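Now for the letters of each chain:
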Amino acid sequence: MTTIASGDAVQKLQVGQRAFDSTQQAAEVANGVGWSHDHLMFLTSSLLGFLSVVVLASTFLMWRQRSSADHMLRIFGIILIAGLSTFLLICGYSSAQLTPIVGLFGAIAGYLLGKDSGGQKTNPTENARHADDKTG
């Protein structure tokens, strides 16, 4: 009976694991299941870099126009929601995990875009009542 040194067995196990990982990764890429790790890292870093440039450019433009806080909240909220949703899509979570997250982001975006900016009331009956008061 021969005994294998423990260091030799661990080394053979590591070689086998690396071969299995590379074969599994190649099969996933060939079947269109996912992206390679390097491709995923490139996409996520590119997205984060692009988001940084967009946030800096929008900050500069809003600073030059002396925008209100409400306007800044809307712009930054939409940029961050769109960027984080794209980030989650790239990371490749399953649809069961991604659907509620995107739904939440959609609700927040709808709130930000639909929020009243403190302007004139748009209730038609109240506007008609004010018009009658002025004429009567």
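Refer to the structure above for everything that follows.
Residues numbered from 1 in each chain as written. Predicted model: local features only at pLDDT ≥ 70, side-chain atom pairs only at ≥ 80, totals over all residues. Heavy atoms only, no water.

Enquirer: Outline the environment of Ile81, listing residues and values.
Expert: Looking at where Ile81 falls in the secondary structure, it is placed in helix 3 (residues 69-91). For Ile81, a relative accessible area of 12% translates into the label buried. Sequence separation between Ile81 and Ala109 is 28 residues, and the spatial gap between their C-alpha atoms is 7.2 Å. Apart from residues lying up to four places away in sequence, Ile81 is in contact with Phe105, Ile108, Ala109 and Leu112. (Helix = DSSP H or I, 4+ residues; strand = E, 2+ residues; numbered from the N terminus. Buried < 20%, exposed > 50% of the residue type's maximum accessible area, 1.4 Å probe, protein only. Contact = heavy atoms within 4.5 Å.)

Enquirer: Go over the packing of helix 3 against helix 4 (residues 95-114) with me, naming the residues and quoting the values.
Expert: Each pair of packed helices can be summarised by the angle the axes make with each other and by the distance between the axes. Across the interface, helix 3 lies against helix 4 with an axial gap of 10 Å and an inter-helix angle of 165°. It follows that helix 3 is roughly antiparallel to helix 4 by the angle criterion. Of the two possible hands of crossing, helix 3 and helix 4 adopt the one that is left-handed. Contacts between helix 3 and helix 4 involve Leu73, Arg74, Gly77, Ile78, Ile81, Leu84, Ser85, Leu88 and Leu89 from the first element and Leu98, Ile101, Phe105, Ile108, Ala109, Leu112 and Leu113 from the second. For the contact of helix 3 with helix 4, the per-class residue count stands at 13 nonpolar, 2 polar and 1 charged. (Axes fitted to C-alpha atoms, helices over the stretch in contact; angles between N-to-C directions. Parallel < 35°, antiparallel > 145°, perpendicular 65-115°, else oblique. Left-handed = near helix turned anticlockwise from the far one by under 90°. Nonpolar A, V, L, I, M, F, W, Y, C, P; charged D, E, K, R; others polar.)

Enquirer: Break down the packing of aromatic side chains for me, with residues and values.
Expert: Centre-to-centre distance and the angle between the planes together describe a pair of aromatic rings. Per the counting criterion, the structure on display carries 1 aromatic pair. Pairing Phe60 with Trp63 gives two aromatic rings, centres 6.2 Å apart and planes at 40°, and the pair type is tilted. One end of the pair is Phe60 and the other is Trp63, both in helix 2 (residues 37-65) and 3 residues apart, which spans about a single turn. The partly exposed category is assigned to Phe60, whose relative accessible area is 44%. (Phe/Tyr/Trp six-rings, centres within 6.5 Å; stacked < 30°, edge-to-face > 60°.)

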